[in-house]
Every structure is written in C-alpha cells, then in structure tokens.
Amino acid sequence: MRQYKDFQWLYHHLSTGNDIGGIIIPPIPDKLGSRTLETRKIMAGLRQRISIGEIEATAIDCKKLEIFLNKIAGHPYLAQDNHVDCFLTEQETPERFSFKKGFFDNVLKSIVDFRHQKYKDREPAFQQDRYVINNACMYWKNVNQSFSQVIQSRRKVAVALIILASNVVYIGAEIAGNMSTERKLIQSFGECLNFCRKSIDAACDVNEINFGVILDYYADYYEEAKEMLYRRTIRMIDYDSALRAYEKAKPRYQESADVKRKGTKNAYEQTTETAKNELKRFNFARVRDLRDTLLKFAEFQLAAARNCCTVISDVLITLKDYR
C-alpha cells in the first residue's frame, strides 16, 4: 500500500531528475489529514472541511492523489521516467522522505518572481500567457472560495431541516393527540423534510468530491503553470544577458562568450518549444475536465431535485386529500 511519502518521492524525482524548464509538473496534493495545511487553507480562504467527516475528507484527498497519478501517467514526457514505472510496479519505493520548504526561501522566490514579472517577453504570445495565467491563479482561488461558501450554506440548510422536521413531528404529536390519521400525516411531512435533508447532504458530498476536487486541483495546477512560465522567463533572461555579453566582449573573450550565448540560446529555444506544447495540453485538459465535471454536477443536481420533488408531491397529494 502506498503512503503519502511515496507520492512525495515520485514528485521529487520527476521535478528534480528531468529538464522541466518548459514542463508543467502536475501538483502533488497536500498531505492527508494535515491540520497545519488545512489551517493554512482556511486562513487563505480556500476549501474548508469543518462540517464533513473524516471519511469524506479522506475520499477527497484520495481523489486528488488519483488525479495526480492520472496526469503523470498521461503525460507524454513524464510517463517515460523510470521512477513512474518503479512507483507503479515495485512494492515499496527505494526511499521515503519529507519535504520541508523554508519560509525565507518562499519569500525570496516571491521577490525574484515579482522582479521578473515586469521583464518584457521576446514573444507577445507568451507575454499574454503570463498575464492570463497570473490572473487565472487568483480567479480559481476565488471560485474555490465561492464554491466552499455554497457547500457550507447548503449544509446549514440541511441542519435547519433536521431541526424543522423534529419540531414538526413533536408539535404535530402534541396537536394530533390520539388522532392517528393526523399523526401519520404530520409524521409523513416530517419524513419528507428529513429526506430532503439527506438529499442535500448527499449532493454536498458528491459535489465536493467531484466538482470541488477539480476546482481545488486546478487552482494548484495553475500555480504550476505559472512556475513553468517563470522558469522560461529566467532562461530568456539568461540568453539576453549572454547575448549582450557576447556583443560587448573583447576579442580574446569572444569565444567563451559565444559558447555561453549558444548554450543559453539552445536552452531558451528548447524550453519555449516545450512550453508551447505544454500550454496547449494544459488548456485542452482543463476545458475537458471542467466540462465533464460540470456535466456530472448538473446531472446530479437534476436527479436530486427530481427525487425531492417526487417525495414532496406525494406528501402534498396526501395532505390535499385529507378531509
């Protein structure tokens, strides 16, 4: 059985053992059951799990890891890595370790990233991609937050329905007294409310593990796309610097400057070509995954609404026929 550290092992080797300059590495989800990470998410306004149980939370985390593996297995370059075959076929990975990201490393990365965001790109298309993806990172986080608020609101409605159903049955029993027919009618109405509550809870669980997981995963995936464009920008800057150094180099230094210029140019052009293909794959997969998830979301909402409508209609007919 795989542990979370096995997934970390795979992600580490894929991101450090390959030339990932123009590759969008599928993001590894947060560690299962990590209260620290969960607190940070809540503080950041992302998905909250206050009202769902451990079983549902574990199912969500496992779904994210499944998406991570599917993205790796479907990648034309990463899937060829020997570590993927080892992860899928070997009983245990050769080593297990934890990642620790330093606070100051993240701060330094943010500062450097901010400085290079202003650097004009050689290709207008990539300049536009940087602008779009930077904004998309923020938009997907906002969508995540809005979806969480919808789920939380619906769960509050479900709790209110429990209270309402209990009160209806209790008050109905007091009013009906020994009249068995009225007692049964009121009890049926209470059961109807309880059915609606269960339907809302089930819809929240299904939507959270499908639509919510995709929103959450692509919020992180966009950050990885942003990282890829950042790496390409760095190689472009290296090439521009080497080109200027070559043009200004004295005759005795021109040969070494030319070697560096050619090396940085080759790295930049290869990264750019890979990045173009990666962005096409990323955008195609994003549209496909979101479309499929929205279809499932809409179909389940319609099915749940029909079931509730049928139960309520039956109770309504019974009440109307009562004399």
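Residue positions within a chain follow its written sequence, with the count starting from 1. At least 70 in pLDDT is required for a residue's local features to be given in this predicted model, at least 80 for side-chain atom pairs to be given and counted, and no such filter applies to totals for whole chains, interfaces and linings, which use all residues. Side-chain numbers here rest on the full set of heavy atoms in the structure, without hydrogens or water.

(A) Quick peek at the overall build of the protein chain. Working definition: helices are DSSP H or I runs of at least four residues, strands are E runs of at least two. Numbering for both runs from the N terminus. Helix and strand counts for the protein chain stand at eight helices and zero strands. Reading the secondary structure of the protein chain in the N-to-C direction produces α-α-α-α-α-α-α-α. Burial status follows relative accessibility: with a 1.4 Å probe on protein chains alone, a residue under 20% of its type maximum counts as buried, one over 50% as exposed, and anything between as partly exposed. Counting only residues that meet the buried cut, the protein chain has 38% of its 323 residues in that class. Two residues qualify as a contact provided that any one of their heavy atoms is within 4.5 Å of a heavy atom in the partner residue. Within the protein chain, contacts between residues at least 6 apart in sequence are counted, and of these 83% link residues at least 24 apart. In short, Shrake-Rupley with a 1.4 Å probe defines the accessible areas, and a residue's cover is counted only from the protein chains shown. In the structure as shown, the protein chain presents an accessible area of about 19,600 Å², 57% of it carried by carbon and sulfur atoms.

(B) The packing of helix H1 (residues 4-16) against helix H4 (residues 82-89), seen in detail. To obtain each axis, a line is fitted to C-alpha atoms, and for helices this fit is confined to the stretch in contact; angles are then taken between N-to-C directions over 0 to 180 degrees. One can describe the packing of H1 onto H4 by two numbers: an axis separation of 9 Å at closest approach and a directional angle of 165 degrees. Considered as vectors, H1 and H4 are oriented roughly antiparallel to each other. Taken as a pair, H1 and H4 cross one another with a handedness that is left-handed. Between H1 and H4, the residues in contact are Asp6, Phe7, Trp9, Leu10, His13 and Leu14 and His83, Val84, Cys86 and Phe87, respectively. Our angle categories are set so that under 35 degrees counts as roughly parallel, over 145 as roughly antiparallel, 65 to 115 as roughly perpendicular, and the remainder as oblique. Crossings are classed by handedness, with left-handed meaning an anticlockwise turn of the near helix from the far one by less than a right angle and right-handed meaning a clockwise turn.

(C) Just the packing of aromatic side chains, in detail. Paired rings are identified among Phe, Tyr and Trp, the last through its six-membered ring, by centres lying within 6.5 Å, and are further divided according to the angle between planes into stacked (under 30 degrees), edge-to-face (over 60) and tilted (the rest). Counted according to the given criterion, the structure contains 13 aromatic pairs. Geometrically, the ring pair formed by Phe7 and Phe68 is tilted, given 6.5 Å between the ring centres and 55 degrees between the ring planes. Remark: Phe68 occurs in helix H3 (residues 54-73) and Phe7 occurs in helix H1; sequence separation between them is 61 residues. Looking at Phe68, the relative accessible area reads 0%, which means it is buried. Aromatic rings pair up to connect Trp140, Tyr217, Tyr218, Tyr221, Tyr222 and Phe282 into one cluster. A ring is considered to have a charge above it if a Lys NZ or an Arg CZ atom is located within 6 Å of its centre and within 35 degrees of its normal. Stacked on the ring of Tyr246, the Lys or Arg Arg261 has its end atom at 4.9 Å from the ring centre.

(D) Here's a closer look at the pattern of salt bridges. Should a side-chain nitrogen of Lys or Arg be within 4 Å of a carboxyl oxygen of Asp or Glu, the pair is scored as a salt bridge. Taken as a whole and assessed by the stated rule, the structure comprises 17 salt bridges. With a shortest N-O distance of 2.7 Å, Arg155 and Asp205 are connected by a salt bridge. Of this pair, Arg155 sits in helix H6 (residues 124-176) while Asp205 sits in helix H7 (residues 180-248), and the two are 50 residues apart along the sequence. Taking relative accessible area as the criterion, Arg155 reaches 8% and is therefore assigned buried. Look at the salt bridges and you will find they share partners, linking Arg155, Arg197, Asp201 and Asp205 into a network.

(E) Representation of H4 in the model. Those residues of H4 lying buried are Val84, Cys86 and Phe87. The arc that holds the buried residues of H4, viewed along the axis, is 160 degrees, so those residues lie on one side. The outward face of H4, more than 90 degrees from its buried face, is lined by the exposed residues Asn82 and Leu88. The arc in question is formed by the directions pointing from the helix axis toward the C-beta atoms.

(F) Region of interest: a nonpolar patch on the surface. Nonpolar side chains collect at one region of the surface, where Val159, Ile162 and Ile163 lie side by side and expose about 250 Å² of accessible area between them. Topologically, Ile162 is positioned in helix H6. Patches here: salt-bridge-free residues with over 30% relative accessible area, like charges joined within 9 Å, nonpolar side chains (Val, Leu, Ile, Met, Phe, Trp, Tyr) joined within 5 Å.

(G) Spatial organisation of the confidence of the model for the protein chain. One number per residue, pLDDT, summarises how confident the predictor is, and it ranges from 0 to 100. On average, residues of the protein chain score 81 in pLDDT, and 82% of them are at 70 or above. Of all the helices and strands in the protein chain, helix H2 (residues 35-43) carries the lowest mean pLDDT, 44, while helix H8 (residues 254-321) carries the highest, 90. The low-confidence segment residues 39-52 (pLDDT under 50) makes 33 contacts with residues lying over four places distant or belonging to another chain. Below pLDDT 50 for its whole length, residues 102-108 participates in one contact with residues either more than four positions away or in separate chains.

(H) Quick peek at the environment of Asn266. Within the fold, Asn266 resides in helix H8. Through-space distance from the C-alpha of Asn266 to that of Arg235 is 9.7 Å; in sequence the pair is 31 residues apart.

(I) Fine view of the side chain of Thr264. Positionally, Thr264 belongs in helix H8. Separated by 2.9 Å, the side chain of Thr264 and the backbone oxygen of Lys260 make a polar contact. For Thr264, the residues in contact, after removing those within four places along its chain, are Asp238, Tyr239 and Ala242. Any pair of N or O atoms that falls within 3.5 Å is considered a polar contact. Within protein, one atom must be able to donate a hydrogen and the other to accept it, and sequence-neighbouring residues count only if both atoms are side-chain atoms.

(J) Local environment of the environment of Cys196. Relative to the assigned elements, Cys196 resides in helix H7. Considering only alpha carbons, one finds Cys196 and Cys309, 113 residues apart in sequence, at a separation of 9.2 Å. Excluding residues that lie within four positions of it along the chain, Cys196 makes contacts with Leu161, Cys308 and Ile312.

(K) Expanded view of the side chain of Asp81. With respect to the secondary-structure elements, Asp81 resides in the loop between H3 and H4. Residues counted as positive are Lys and Arg, residues counted as negative are Asp and Glu, and His and the chain ends are not counted. Buried charge without a partner: Asp81 forms no salt bridge, and the closest opposite charge is Arg2, 13 Å away. Dropping the residues within four chain positions of it, Asp81 is found in contact with Leu14 and Asn18.

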